[in-house]
Amino acid sequence: MNSTNQATSSTTPLSRKFRALVWQYLDCDLPRTALFYAERYFYSFPDPQLPSHDARHLLATSLLRCNQVHSAQHLVKDFNCLACTEIFAECCTKLGRFRQGQDALSKCVGKGRNDTLPNEPRSSPDESVLLCRAGTLAMKGNLHDQAAQYFQQALALNPFLWEAVDGLCRLGKCPEIDLLILPQSAVTQLFPPPPPPPGHIRFDTKTAQVPSFAPPPQTSGGGFFTPVSNHGNNGKGPQFHPLYTSASNGPLQPFRLDAALANGRDSIATVDSSFHGDTTFATNGLDGNHANPTFLPPKPEEGRTSHKRTRAQMASGSTVPKVEKKAPPRDKRRTRTRSRSQDPDDMDEDMQPIESTSSTSSPREFSPGPSAGAALSQQPLPSPHDELQQAANVILELTRKFAKIVRALAMFEPQAALDSIMQLPPEQTKAPWVYALMGRARFEMADYLIASRAFEQARALDPYRMWDMDVFSTVLWHLQRDVQLSFLAQELTSIDEHSPQAWIATGNCFSLQKDHSQALTCFKRATQLDPRSAVGYALSGHEALALDDHESAMQFFRAALRTDSRHYPAWYGLGTVYLKQNKLRKAEYHFRKAIEISPSNAVLIHCEGTALEKRGELEQALERYNRSLALSPLSPLVKFKRVKVLIQLKQYENALKDLLELRDLAPEEANVPFVLGKLYREMGRNVEATRCFTIARDLDPKLSAIIGHLLDE
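By convention here, each chain's residues receive numbers from 1 onward along its written sequence. It should be noted that, the model being predicted, local features are given only for residues of pLDDT at least 70 and side-chain atom pairs only at 80 or more, the latter also being counted only at that level, while totals for whole chains, interfaces and linings use all residues. Hydrogens and waters are ignored; side-chain quantities use all the structure's heavy atoms.

Peer 1: Sorry if this is basic, but what is going on with the environment of S62 here?
Peer 2: By definition, any uninterrupted DSSP run of H or I lasting at least four residues is a helix, any uninterrupted run of E lasting at least two residues is a strand, and each is numbered from the N terminus. Here S62 shows up in helix α4 (residues 53–65). Using a 1.4 Å probe on the protein chains alone, a residue whose accessible area is under 20% of its type maximum counts as buried, one over 50% counts as exposed, and one in between counts as partly exposed. Residue classification places S62 among the buried positions, given a relative accessible area of 0%. If we ignore the near neighbours within four places in the chain, the residues touching S62 are V22, L26, A34, L35 and A38. Two N or O atoms count as a polar contact when they lie within 3.5 Å, although within protein this holds only if one can serve as hydrogen donor and the other as acceptor, and sequence-adjacent residues are included solely when both atoms are side-chain atoms. Polar contacts involving the side chain of S62 include one to the main-chain carbonyl oxygen of L58, which spans 2.9 Å. Here, two residues are considered to be in contact whenever any of their heavy atoms come within 4.5 Å of each other.

Written out as structure tokens, the structure is:
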């Protein structure tokens, strides 16, 4: 993109509105809100490699204010304009690389080019900003009801406050987004029409038709992960289609009885998902054939004979034909006097000064006739305020779409989050944060293979990204990828050794090597660096549980709940501790609390069924196992436990059906033919029972004594 196109794209109403929002929230010390709109601005261009320089400056500045110094430096390191060099030098100062910053500044002095636009006028915090800050403080003080009220009041005054939306989602008290972010009324209050200047011609807006702006592009159904061949794509790069495979259709986990109780972290996963076809990410992200939201230039007024050049035409370099006929001498003097007396700065944008070269007709020719006046009343030029209003509506609609994604993830509705991601404009889906959101959604669905690819693509777009890397390391832990997990931990540590994400990744690496004491040390360090890291406390509890230190595990889980009462792995961890201590009612209570937060988690429902089974409530346990298998049909552990309950309830035919399926699912598991042999004996089919006992003894020689005793009876 050349400098002319960049200048044009940076002066559209949409760009001006984005720029105003970013600077407003930077001035009000709401950097996460500023970063949200800066990233939306940066990825609002069809080609993510060539956004406007202004968008790059705003995104780098917002990242710097959010303490993502490495990401900000990476964004501007290859650009030599004055603003980019200034940001680069500031990043070097924060990182202690003083000579590198000095070299960059010395090379840029006298040679650099300043492509950035002037800053917007500084804004002071208004009532909505103060309410948002009060909500954040109340949330950190565990005053959740008051925090939700503050956030809702802030959004009622200003629907663009992204941190208020995010806070409501974190609290789990976010209403429907369409009710929370109003489409028109709040925007109208935020942007009242300016008073008209003296002498300004106002059209009748009740009957006039304002030119509509192009709506944001809609996704064409293209998905995010699976590229297809370029045939039929005119050479525009790989296309993508969505993967809507459920978590239950994946490959099997290693079949181990009581694996959920032996290791608390293993049981959070339902089952690994299947991977259909080649789902390698493309480096260019998603389908980018759709154009970004653009605003159509205003149409010239009909009936006006002057051929002046408008500001938009001068910016684009277009030429305007001139009138060849000459005016009479007395009219020429009058024309010069008129053009000399009018100051362009005092005139409205719609009323341009008349040039002497084009104002060559008589005064009678300047007054439009009746037909021209009717055309003016029907199609007036949109005022700058109307253009900004349309831009605000586009940005607000984009905010609403992202709010639906974040709300769905906060309510643990991963499929709804993926469906909302599919509704985003194609340009926005190239952002690393969007890939991180997809990774989190797949993680909640236990689609760890696809989740890892989403996080890998996010890191490819932003190699220095630290946010969400704790989830990525946990995904690699579930996939048992020790080499990749070790590499990730080393990279994160080299980027920022004082970040909790780096220590969580390191702890997961030690945990995968069964070094639970070192893993616990790393997780403790993560909680020291970030005392509000519920993930760090919960993982510390799981490692303490693996070391059979039940008291310490319970302390860690309770600390996680004090930090975030909706962190369901902590409720699950407490239930697991009570289950090991044979305190079944307390275990059932904590499992139910976890299910209330994440009702579609098959493992939590299965754990509640285990507690009910141990209490002897077989019918209720069977109902829980059926629900769990409905969510994860290929879970061998849950199916095996249902078989045991069915045998106790003397439902032999249903138990036999499940065992035959398990024999095909886990042919190497000795417990399956052993239980099948016992079932055949109960049904009086001794020959088949002997055959199954023989297979079980071959798979596990330790069962020889038990099988021999059964055969001797």
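Peer 1: Teacher, can you tell me more about the nonpolar core here?
Peer 2: Side chains of a nonpolar character, in soluble globular proteins, are inclined to be buried together. Only buried Ala, Val, Leu, Ile, Met, Phe, Trp, Tyr and Cys residues count toward a nonpolar core, and they belong to the same one when joined by side-chain atoms within 4.5 Å. Counting residues in each nonpolar core, the largest one holds 87 residues, and the members touching the most others are Y37 and F402. With 13 residues, helix α18 (residues 384–410) is the single largest residue contributor to this core. Here Y37 is in contact with F18, L21, V22, Y25, F160, L161, I395 and T399, once residues within four sequence places are set aside. Among the nonpolar cores identified, the runner-up in size contains 32 residues, and L520, L561, W571 and I595 belong to it.

Peer 1: What is the right way to look at the packing of helix α5 (residues 69–76) against helix α6 (residues 82–95) in this model?
Peer 2: Contact geometry for α5 and α6: axes closest at 9 Å, N-to-C directions at 150 degrees. Between α5 and α6 lies a crossing whose hand is left-handed. Two secondary-structure elements touch here, α5 through V69, H70, A72, Q73 and V76 and α6 through C84, I87, F88, C91, C92, K94 and L95. Here the residues of the contact of α5 with α6 are counted per class, giving nine nonpolar, two polar and one charged. Angles run from 0 to 180 degrees between N-to-C directions of axes, and those axes are lines fitted to C-alpha atoms, restricted for helices to the stretch in contact. A crossing counts as left-handed when the near helix is turned anticlockwise from the far one by less than a right angle, and as right-handed when that turn is clockwise. Think of it as three bins: nonpolar holds Ala, Val, Leu, Ile, Met, Phe, Trp, Tyr, Cys and Pro, charged holds Asp, Glu, Lys and Arg, and polar takes everything else, Gly as well.

Peer 1: Sorry, what's going on with the confidence of the model for the protein chain here?
Peer 2: Across the chain, each position has a pLDDT score giving the predictor's confidence in that residue, from 0 to 100. For the protein chain, the average pLDDT comes to 75, and 67% of its residues sit at 70 or higher. Taken together, the stretch residues 1–8 has pLDDT below 50 and engages in nine contacts with residues farther than four places along the chain or on a different chain. Low pLDDT, under 50, characterises residues 184–264; the predicted model gives this stretch 200 contacts beyond four residues in sequence or across chains.

Peer 1: What am I meant to see in the packing of aromatic side chains here?
Peer 2: When we look at a pair of aromatic rings, we describe it by the centre distance and by the angle of the planes. Only Phe, Tyr and Trp rings are paired, with Trp represented by its six-membered ring, and only when their centres lie within 6.5 Å; those with planes under 30 degrees apart are stacked, over 60 edge-to-face, the remainder tilted. This structure, assessed with the given rule, holds 15 aromatic pairs. Geometrically, the ring pair formed by F42 and Y43 is edge-to-face, given 5.0 Å between the ring centres and 75 degrees between the ring planes. Ring geometry for Y572 versus F591: centroids 6.2 Å apart, planes at 40 degrees, classification tilted. Taken together, the residues span a long stretch of sequence, with Y572 in helix α28 (residues 568–580) and F591 in helix α29 (residues 584–597) at a distance of 19 residues. Taking the relative accessible area as the measure of exposure, Y572 reaches 0% and is therefore buried. Here F591 falls in the buried class, since its relative accessible area comes to 0%. By way of ring pairs, the aromatic residues Y25, F36, Y37, F160, W162, F402 and W433 are connected into one cluster. Throughout this description, the term charge over a ring refers to an Arg CZ or Lys NZ atom that lies within 6 Å of the ring centre and within 35 degrees of the ring normal. In this structure, R32 is placed above the aromatic ring of W467, and the distance from its NZ or CZ to the ring centre is 4.3 Å.

Peer 1: Teacher, can you tell me more about the side chain of S511 here?
Peer 2: Residue position: S511 is located in helix α24 (residues 500–512). A relative accessible area of 3% means that S511 is categorised as buried.

Peer 1: How should I be thinking about helix α3 (residues 31–42) in this particular structure?
Peer 2: Owing to its 3.6 residues per turn, the α-helix aligns residues three or four sequence positions apart on the same side. Residue count minus one, scaled by 1.5 Å, sets the expected span of a helix. In this model, α3 (twelve residues) spans 16 Å end to end at C-alpha, consistent with the 16 Å of a helix rising 1.5 Å per residue. Among the twelve residues that make up α3, eleven are buried, leaving the element largely enclosed by the rest of the structure. Considered for burial, the residues of α3 that qualify are P31, T33, A34, L35, F36, Y37, A38, E39, R40, Y41 and F42.

Peer 1: Whenever I open this one, unusual backbone geometry confuses me. Can you help?
Peer 2: Negative phi characterises most residues that are not glycine, and trans characterises most peptide bonds. Of note, the phi angle at N67 is positive, near 65 degrees, even though the residue is not glycine. Within the secondary structure, N67 sits in the loop between α4 and α5. For N67, a relative accessible area of 60% corresponds to the exposed category. Residue K514 is not a glycine yet carries a positive backbone phi of 65 degrees. Structurally, K514 is set in the loop between α24 and α25 (516–529).

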